Amino acid sequence: MRTYLRENAIDIVHTNDGRMHLNWGIATKFSAAKLVWHHRGDPTAKGVNYFAPLLADQIITVSKFAKPSRPIRSIDNKWSVVHSPFHSFASQNRRAAKQALLTELNLPEDTVLLGYFGELIARKRPVVFAEILAAFAQRYPDVNFVGIVLGAVPTGAPPLDQDMLNRAAELGLQDRIKYLGFCSPIEPYMAATDVLIVPALAEPFGRTLIEAMHLGTAVVATNHGGNPEAITDGETGFLVPAMQPEAFAAPIHRLISDPSLYASITEKARKFVQQRLTLQTHFTGVTTAYSNLRLRP
């Protein structure tokens, strides 16, 4: 690998995942090239705390939250945040999308759809989604709602889909949660959703909440991980304490009961992602990191 870098006069090696970081990082260190370590995960990960400070010439993280939490040496002179870019979705007719989904699920027209989108893994807390629905039902018993879950359990991972459904049954919500599994394309389902609920902990920079913001779906998320970097509370969505499922209830109700608030929140959210999370802003951030490298003449 070192020979390859030298023979091809490679100036920059830009790595994006664990194995690549370490394998190419060591090879790059013994060549004339410079290493850009692009971290998209846990800020406590050993690789980005122990190896990146030694091997990398520049470290990019997808959020401030994802910055290495305990690097073995200071990285402040070579660290930058470059939020992930997102393509704009094709415009969706939200009214038609919701009507189609209500028909598919055989639900009344006045049903409010509260959504969970993403893999069913521990960090994203699908079981807590069921608890959020229960808290909402208890506080607002007159609201006719259903929680929809789109996503799958990764191969070999714990069966959190069944854990979620079991918890919903324990809470008396077995008829108020619909597990649809993996669905593609996702846009019609997300556009049909009234409020996206994001119960995740330590999410470096969540994709589904940005996709929802593109499509005009309001978001209520935990005030944790990279979520506060995507959502300004009360302006582009709502942020709530991560360990309080009941805290989701009030902002969800505000959104579904106040059309003007909903319109204001979703329009500001759409403008934010369309202006700040684009391919161009990503390109500028990455090339700025490149320009900070001292390349050979």
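### A few points about the overall build of the chain
Then, number 1: What the chain contains, in helices and strands, is 12 helices and 10 strands.
Then, number 2: Counting across all 297 residues of the chain, residues that qualify as buried make up 48%.
Then, number 3: Within the chain, contacts between residues separated by at least 24 positions form 62% of all contacts whose residues are at least 6 apart in sequence.
Then, number 4: Only carbon and sulfur atoms are counted for the fraction: they give 51% of the accessible area of the chain, which is about 14600 Å².
Then, number 5: Across the chain, the mean location of the 30 positive side-chain charges is 11 Å away from that of the 26 negative side-chain charges.

### Focus on the environment of His-21
Then, number 1: With respect to the helices and strands, the residue His-21 is situated in helix α2 (residues 18-29).
Then, number 2: Contact partners of His-21, with chain neighbours within four places excluded, come to Thr-15, Asn-16, Trp-37 and His-38.
Then, number 3: Separated by 3.5 Å, the side chains of His-21 and Trp-37 make a polar contact.

### Observations regarding the packing of aromatic side chains
Then, number 1: Throughout the structure, instances matching the rule amount to 5 aromatic pairs.
Then, number 2: Their ring planes at 55° and their centres at 5.7 Å tell us that Tyr-116 and Phe-129 sit as a pair that is tilted. Of this pair, Tyr-116 sits in strand β5 (residues 112-117) while Phe-129 sits in helix α5 (residues 126-139), placing them 13 residues apart in sequence. The same class applies to Tyr-116 and to Phe-129, which are both buried.
Then, number 3: Taking the centre distance of 5.3 Å and the plane angle of 85° together, the rings of Phe-136 and Phe-145 count as edge-to-face.
Then, number 4: The exposure class of Phe-136 is buried, given its relative accessible area of 1%.
Then, number 5: For Phe-145, a relative accessible area of 1% gives the class buried.
Then, number 6: Ring pairing ties together the aromatic residues Phe-136, Tyr-140 and Phe-145, which thus form one cluster.

### Focus on the sheet that holds strand β3 (residues 58-61)
Adjacent strands of a sheet form backbone hydrogen bonds with each other and so pair up, either parallel or antiparallel.
Then, number 1: Reading across the sheet, the 4 strands line up as β1-β2-β3-β4 and stay open at both edges, with parallel pairing between neighbours. If you trace the sheet from one side to the other, it starts and ends with β1 (12-15) and β4 (79-81), each paired once. Mean inter-strand twist for the sheet, computed between neighbouring axes without regard to direction, equals 20°.
Then, number 2: Where β3 and β4 come together, 3 bridges link them in parallel fashion.

### Quick look at the sheet that holds β5
Then, number 1: The strand order across the open sheet built from 6 strands is β7-β6-β5-β8-β9-β10, with neighbouring strands paired in parallel fashion. Each of the sheet's edge strands pairs with one partner strand only, and the pair in question is β7 (177-181) and β10 (238-240). Between one strand axis and the next, the sheet turns by 25° as a mean value, whatever way the strands run.
Then, number 2: For β5 and strand β8 (residues 195-198), the ladder comprises 2 bridges, and the chain directions are parallel. Counterpart to Gly-115 in the pairing with β8 is Leu-196.

### Some thoughts on the packing of helix α8 (residues 207-215) against helix α11 (residues 259-276)
Then, number 1: Close contact between α8 and α11 brings their axes to 7 Å; oriented N to C, the two are set at 115°. If you check the angle between α8 and α11, you find them roughly perpendicular. Where α8 crosses over α11, the handedness of that crossing is left-handed. Contacts from Ile-210, Met-213, His-214 and Leu-215 of α8 reach α11 at Thr-266, Ala-269, Arg-270, Phe-272, Val-273 and Gln-274.
Then, number 2: Per-class residue counts for the contact of α8 with α11 are 6 nonpolar, 3 polar and 1 charged.

### Observations concerning the nonpolar core
Then, number 1: Counting residues in hydrophobic clusters, the biggest one holds 36 residues, and the most contacted among them are Ile-148, Leu-209, Ile-210, Met-213, Val-219 and Ile-231.
Then, number 2: Elements with a contribution of two residues or more to this core: α4 (94-104), β5, β6 (145-150), α7 (187-192), β8, α8, β9 (218-222) and α11.
Then, number 3: Once residues within four sequence positions are removed from consideration, Val-219 is found in contact with Leu-196, Val-198, Leu-209, Ala-212, Met-213, Ile-231, Gly-237 and Phe-238.

The rules we used
- Residues numbered from 1 in each chain as written.
- Predicted model: local features only at pLDDT ≥ 70, side-chain atom pairs only at ≥ 80, totals over all residues.
- Heavy atoms only, no water.
- Helix = DSSP H or I, 4+ residues; strand = E, 2+ residues; numbered from the N terminus.
- Buried < 20%, exposed > 50% of the residue type's maximum accessible area, 1.4 Å probe, protein only.
- Contact = heavy atoms within 4.5 Å.
- Areas by Shrake-Rupley, 256 points an atom, 1.4 Å probe, with all protein chains shown as cover.
- Lys, Arg positive; Asp, Glu negative; His and termini not counted.
- Charge placed at Lys NZ, Arg CZ, Asp CG, Glu CD.
- Polar contact = N/O pair within 3.5 Å; in protein donor to acceptor, adjacent residues only side chain to side chain.
- Phe/Tyr/Trp six-rings, centres within 6.5 Å; stacked < 30°, edge-to-face > 60°.
- Pairing = 2+ DSSP bridges.
- Axes fitted to C-alpha atoms, helices over the stretch in contact; angles between N-to-C directions.
- Parallel < 35°, antiparallel > 145°, perpendicular 65-115°, else oblique.
- Left-handed = near helix turned anticlockwise from the far one by under 90°.
- Nonpolar A, V, L, I, M, F, W, Y, C, P; charged D, E, K, R; others polar.
- Core = buried A, V, L, I, M, F, W, Y, C linked by side-chain atoms within 4.5 Å.

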